[in-house]
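What follows is the residue order along each chain.
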Amino acid sequence: MNRAYAAPAQQPPAELDGLLLWPALGLLLLGLVMVYSASIATAEGSRFTGGQPAYFLVRHGVFLAIGLVAGVMAFQIPLRLWQQAAPWLFLGGVVLLLLVLIPHVGRSVNGAQRWIGFGPINLQPSELMKLFVVLYAADYTTRKLDDMGSFLRGFGPMALVMVLVGFLLLKEPDFGGLVVILCIATGILFLGGINARVFGVLIVVLLVSFVIMIWVSPYRRERIFGFMDPWQDAFGKGYQLSHALIAFGRGEWLGVGLGASVEKLFYLPEAHTDFLLAVIAEELGFVGVCVVVGLFALLVQRSFAIGRQALVLGRVHSGLVAQGIGIWLGVQGFINMGVNMGLLPTKGLTLPLMSFGGSGIVTNCLALGILLRVDWENRQLMRGQQV
C-alpha cells in the first residue's frame, strides 16, 4: 500500500490526565505558599510555637510530603481492593468518631472535641470519614443498584447509617463536616439512580432538619445573625466575616502583594485555616481568587468526566467513587469560599488541598491518588479495547 494513503496510527491514551494532575499539584503548592504567608505573624506571636516564623510552614510541608507519599501508595491499589475494603474502612471511621468523644482520648480546641492526639500529631476522624463515606456509599449503591427504586431496601439502610454518623458528628460538634458527608452520600445515591420521589423527600427532610438544628442551638443562631449583618456587631458575632470582607476589599484586582496582608496580623482569626481564601484575596487580589476558583472548577469537572467514562466502560463502583470525590471537593470548596466571601454563614470548614491541617491534606491526597487510579484503569481498559 502507498504510504501516502495509509491511515495514520492511532495514538494510545496517555497514562494520566494532565488536566487533573497539574491543577491538583498547583493548588497544593499554592496552598503551601499561602499558609506560610498567612501564618507568619501568628507563629511569631504565639508561645505555643516558640516564636518560630516558619512553624506552620514546616508542619504543613511535612503533612504535604506525607500526603503525597500516601497518594502515590493509594494510586498503586486497584479499585476492586478499595471496594472490598470499603465497609471495613467505614466501620473503622465510625470507631474513630466514637473514640474522639471519650474524655482524655479526644482533644478539645475552641469548644469542639474533634481530634485524637498522638503526641504532637492530631488526627481528625471526620476528615478521614469523608473519604470512607465516598468509598462506602459507592460500594453500597453498586450492590443495591436493583433496589434503588425501593425506599426500604435501597434508601433505608443507608439512611440509618448516616443518622448514626450524623449523631456522632453533632456530638463533637462538627456541623460543617456533617453537611459535607451528607452531601457526598446523597449525591452518590442520586447518581446511582435512587427513586426521584424518595430523593425529593430526602432533600426536604434534610433542609428541615438543618433549620431545626440551627434554631435550637444558640451559637449557630448567633452565626446566622452575624452572617445576615456582620457590621451590626463587627466586634462580636460578625467579627470574622467583617474582617474577611475587609481583606477582599483591600485586595482589589491584583492584591497588595504576597506577604503584605494586614488582616493576617491578628485581625482575621484562623487566617491559615478556615479563612485562607481571604488572605489570598488580599494579597493576590481578584485575579488570584479567580485562579483558585478556576482550578477547583477544573478538578471537579475532571472528576465527573472520569467518573462518567468509568460508567460508560461498565465500572460502576469506580465511576461513583470518582464522582463522589468530585462532590466532596466541590461542596467543601464551595462552602469555604462562600463563607470567606460572605455568601454563607461562618462555618469551620477548611479549603481542600490548601488550608493548614494534617488530616485534611493527607486525606485529600489519598482521594486524589484514588481518583488518578480510576482514570488510569479507564485508560488501560480503553487501551486494551483498541488493541
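Here, every reference points to the structure presented above.
The rules we used
- Position labels on residues start from 1 in each chain and follow its written sequence.
- Per-residue local features are limited, in this predicted model, to residues with pLDDT of at least 70; the limit for side-chain atom pairs, both in listing and counting, is 80 or more; totals at the level of whole chains, interfaces and linings are taken over all residues.
- Note that the side-chain values use all heavy atoms of the structure and ignore hydrogens as well as water.
- Runs of E in the DSSP output that reach at least two residues are strands. Runs of H or I that reach at least four are helices, and both are numbered from the N terminus.
- Burial classes follow relative accessibility: with a 1.4 Å probe on protein chains only, a residue under 20% of its type's maximum area counts as buried, one over 50% as exposed, and anything between as partly exposed.
- Multiply 1.5 Å by the residue count of a helix minus one, and that product is the helix's expected span.
- The term nonpolar core refers to a set of buried residues drawn from Ala, Val, Leu, Ile, Met, Phe, Trp, Tyr and Cys, joined through side-chain atoms within 4.5 Å.
- Two residues form a contact once any of their heavy atoms are found within 4.5 Å.
- Only when DSSP finds a minimum of two bridges between them are two strands counted as paired.
- Convention adopted: a line fitted to C-alpha atoms gives each axis, helices being fitted over their contacting stretch, and angles between N-to-C directions are expressed from 0 to 180 degrees.
- Whether two aromatic rings pair depends on their centres lying within 6.5 Å, for rings of Phe, Tyr and Trp, where Trp uses its six-membered ring; planes under 30 degrees apart make the pair stacked, over 60 edge-to-face, and the rest tilted.
- Salt bridges are defined by distance alone: a side-chain nitrogen of Lys or Arg within 4 Å of a carboxyl oxygen of Asp or Glu.

Novice: What should I look at first to understand unusual backbone geometry in this one?
Specialist: What is expected of a backbone is that most residues other than glycine have negative phi and most peptide bonds are trans. That bond from Glu-172 to Pro-173 is cis: its omega, -5°, falls within 30 degrees of zero. The topology assignment puts Pro-173 in the loop between helix H5 (151-171) and helix H6 (175-191). For His-104, which is not glycine, the phi dihedral falls at a positive 70°. With respect to the helices and strands, the residue His-104 is situated in the loop between helix H3 (79-99) and strand E1 (106-109). Using a relative accessible area of 85% as the deciding quantity, one classes His-104 as exposed. Here Leu-353, not a glycine, exhibits a phi torsion of approximately 70°, which is positive. Among the secondary structure elements, Leu-353 is positioned in the loop between helix H11 (316-341) and helix H12 (358-386). Residue Leu-353 is classed as buried on the basis of its relative accessible area of 0%.

Novice: Would you mind going over helix H4 (residues 125-143) with me for this structure?
Specialist: Note: α-helices contain 3.6 residues per turn, so residues at a spacing of three or four share the same orientation. Helix length check: H4, at 19 residues, gives a terminal C-alpha distance of 26 Å against a target of 27 Å (1.5 Å per residue), a fit within 8%. With 17 of 19 residues buried, H4 lies mostly within the body of the structure.

Novice: Is there a simple way to think about the nonpolar core in this case?
Specialist: In a soluble, globular protein the nonpolar side chains are often hidden away together inside. Of all hydrophobic cores here, the largest spans 101 residues; its most connected members are Phe-90, Met-129, Met-162, Val-165, Val-292, Met-354 and Ile-370. A total of twelve residues in this core trace back to one element, the largest contributor, which is helix H10 (residues 276-312). Once residues within four sequence positions are removed from consideration, Phe-90 is found in contact with Met-129, Phe-132, Val-133, Tyr-136, Val-161, Met-162 and Val-165.

Novice: How do you make sense of the sheet that holds strand E3 (residues 121-123) when you look at a structure like this?
Specialist: Adjacent strands of a sheet form backbone hydrogen bonds with each other and so pair up, either parallel or antiparallel. Spatially, three strands are ordered E1-E2-E3 in an open sheet, and the strand pairing comes out antiparallel. Taken across any chain shown, the strands that pair with only one partner, and hence form the sheet edges, are E1 and E3. Direction aside, the axes of adjacent strands within the sheet are offset by 50° on average. Bridge analysis of E1 against strand E2 (residues 112-118) gives four bridges, and the strand direction is antiparallel. Bridge pairing in E2 places Val-109 opposite Ala-112.

Novice: I keep staring at H6 and nothing clicks. Help me out?
Specialist: Counted at 1.5 Å a residue, the expected span for H6 with its 17 residues is 24 Å, and the 24 Å between its end C-alpha atoms agrees. H6 sits mainly inside the fold: 14 of its 17 residues count as buried. After H6 finishes, the residue Gly-193 shows a positive phi value of roughly 95°.

Novice: Help me understand the packing of aromatic side chains, please; the structure alone is not making it clear to me.
Specialist: Here the distance between the centres and the angle between the planes together describe a pair of aromatic rings. Scanning the entire structure with this criterion turns up ten aromatic pairs. Ring geometry for Phe-190 versus Phe-199: centroids 4.8 Å apart, planes at 40°, classification tilted. Assessed through its relative accessible area of 47%, Phe-190 is described here as partly exposed.

Novice: Is there a simple way to explain the pattern of salt bridges in this structure?
Specialist: The full count for this structure, using the stated rule, is ten salt bridges. Between Arg-383 and Glu-15 there is a salt bridge, with the nearest N and O atoms lying 2.8 Å from each other. Of the two residues, Arg-383 sits in helix H12 while Glu-15 sits in the segment before helix H1 (18-44), which places them 368 residues apart along the sequence. Salt-bridge contacts for Glu-377 lead to Arg-373; the nearest nitrogen and oxygen are separated by 2.8 Å. In this pair, Glu-377 and Arg-373 both sit in helix H12, four residues apart, roughly one turn of the helix. Across the pair, exposure class does not vary: Glu-377 and Arg-373 are buried alike. Through salt bridges with shared partners, a single network forms among Arg-315, Arg-373 and Glu-377.

Keep in mind that these numbers describe shape and distance, not what the molecule does.
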